[in-house]
Amino acid sequence: MPSSEERLRGLLLRGLAGESSAYHMFLKELAAHLRAYLRKRLTRLPEEVEDLVQESLLAVHNQRHTYDPTQPLTAWVRALARYKLIDMLRRRSRTDLLNDPLDDDTELLAASDNEAAEARRDIGKLLAALPEHHRLPIVYVKLEGLSVAEAARRTGMSESAIKVGVHRGLKALAAKVRSGS
Amino acid sequence: MKTDELVALLATGTQAVDTAALRRRFLAAASAATLVALLLMLALLGLRPTLSDEALVPMFWVREAFCTALAAAGLVWVARASRPGRRLGLIPVAIAAPPALMWILAAASLLAAAPQQRAELIFGQTASVCPFLIALLSVPLFLALVWTMRGLAPTRLRLAGAAAGLAAGAVGALVYSLHCPELAAPFLGIWYVLGMLMPTALGALLGPLLLRW
């Protein structure tokens, strides 16, 4: 059996090549690994775990163009998750609550946890609060699964405005998630 | 929204991602900004008129190689610092080596010089303006690199900012050297290094502010 690293890396590379179903599987499995990783490090803030899993997934998606296919996936994901974790703790001025040193070399992909808790922050609500030129492309293309052309027809926006809207809208969503508004 | 729903949302309708675009974007930003620095130097300071004569002196090429090596190391550092989880590898060595070699040259030339000539080797004619002009010429590339990095994912913001500052400083020094009359190793080892350190320190200071995402 291939290791999680090889398996997930294969899925991500197929996803980066445009294969949605492989990318879906990648994110789904990655979510479980992120959950295990964050749960272990936030035993004193268990209610934050699922929010941070979601924030990290959004980060992985928005920054997926920074993955260098010649590099190990574990190192890339771990650096992203660690950045989001420290960022969250810093925002709450709670670095004291970290119960595990972050620079140990624990393999992020070694453990996995499928027991999703309820996220406290509702990304759906944040999405609804985005301006139309961001919200509509995301709703049509990402939620309803319409093609870019179809979404363009429904909204009266151009196809490139739809693509840009999805891209920038998800970045704006990540910024809203981060600021907690 | 549940995590599974978020995953489905993110995965739906994804397009192919061009992983090589990042390198192209860096190259475009760096070349455009270097050109701006060059024009700035030509407009404010002017090309050194005796440049073609000095190009026959070996020390001229030592100076150019010194700036070029640091610029290359700085730009590679910037590219690595912009990707999560990339190790620095030999970057610290590549950054430390040019100044170390320059200081060895400087020590040798100071030891060989008569005591009354040493101040001239250290201060030259332009020590009081050199670091500031290098820092000034580093501004276009610094801005371009920060702008590019904001679209990427640096995770160690102080180091990433310092990397942008060093790369910009070294390119600034390279551009400035086409105006600069100084070729003595002690001068270069002190004032050029100081000129590059200024944007580096500024980058480290501003990194967490400018590069957060």
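Residues numbered from 1 in each chain as written. Chains lettered and ligands numbered in written order. Predicted model: local features only at pLDDT ≥ 70, side-chain atom pairs only at ≥ 80, totals over all residues.

A separate point is the interface of chain A and chain B. Residue-level contacts link 38 residues of chain A with 26 residues of chain B. Breaking the side of chain A that touches chain B down by element, the ones donating at least two residues are α1 (4–16), α2 (20–41), α3 (49–62), α4 (73–91), α5 (123–128) and α6 (132–143) of chain A. Classifying every residue of the side of chain A that touches chain B by side-chain character gives 19 nonpolar, twelve polar and seven charged. (Contact = placed C-beta atoms within 7 Å. Helix = DSSP H or I, 4+ residues; strand = E, 2+ residues; numbered from the N terminus. Nonpolar A, V, L, I, M, F, W, Y, C, P; charged D, E, K, R; others polar.)

Attention now goes to the packing of helix α2 (residues 21–44) of chain B against helix α8 (residues 139–150) of chain B. All names here are of chain B. At their nearest, the axes of α2 and α8 sit 8 Å apart, and the two run at 160 degrees to each other. As judged from the angle between their axes, α2 and α8 are roughly antiparallel. You can see that α2 and α8 cross each other, and the crossing is right-handed. Across from Arg25, Phe26, Ala29, Ala30, Ala32, Ala33, Thr34, Val36, Ala37 and Leu40 in α2, the residues of α8 making contact are Pro140, Leu141, Ala144, Leu145, Trp147 and Thr148. (Axes fitted to C-alpha atoms, helices over the stretch in contact; angles between N-to-C directions. Parallel < 35°, antiparallel > 145°, perpendicular 65-115°, else oblique. Left-handed = near helix turned anticlockwise from the far one by under 90°.)

This part is about the domain arrangement of chain A. Residues and elements named next belong to chain A. The assigned domain composition of chain A is domain 1 (1–120) and domain 2 (121–181). Taking only C-alpha atoms into account, the centre of domain 1 sits 23 Å from that of domain 2. Of the residues belonging to the side of domain 1 that touches domain 2, the class tally is three nonpolar, three polar and three charged. (Domains from an automatic or database assignment.)

Looking at the element boundaries, Leu80 of chain A is found in helix α4. Leu80 of chain A gets classed as buried once you count the C-beta atoms within 10 Å, which come to 24. For the pair formed by Leu80 of chain A and Ala59 of chain A, sequence separation is 21 residues and the distance between their alpha carbons is 7.3 Å. Leaving out residues up to four positions away in the same chain, Leu80 of chain A has contacts with Ser56, Ala59, Val60 and Gln63 of chain A together with Pro84, Ala153 and Thr155 of chain B. (Buried ≥ 20, exposed ≤ 12 C-beta atoms within 10 Å, placed from the backbone.)

With that settled, consider the nonpolar core. Leu57 of chain A together with Leu141, Leu145, Ala164, Ala167 and Ala170 of chain B are the most contacted members of the largest nonpolar core, which totals 115 residues. Looking at which element gives the most residues to this core, the answer is helix α9 (residues 157–176) of chain B, with 14 residues. Of the domains in this structure, domain 1 (1–120) and domain 2 (121–181) of chain A are the two that each give at least three residues to this core. (Core = buried A, V, L, I, M, F, W, Y, C linked by C-beta atoms within 7 Å.)

Those residues of α6 of chain A lying buried are His134, Leu136, Pro137, Ile138, Val139, Tyr140, Val141 and Lys142 of chain A. Looking at the packing, one finds that the buried side of α6 of chain A touches α5, α7 (148–155) and α8 (159–179) of chain A together with α1 (3–11) of chain B. Just beyond α6 of chain A, the residue with positive phi is Gly145 of chain A, at close to 75 degrees.

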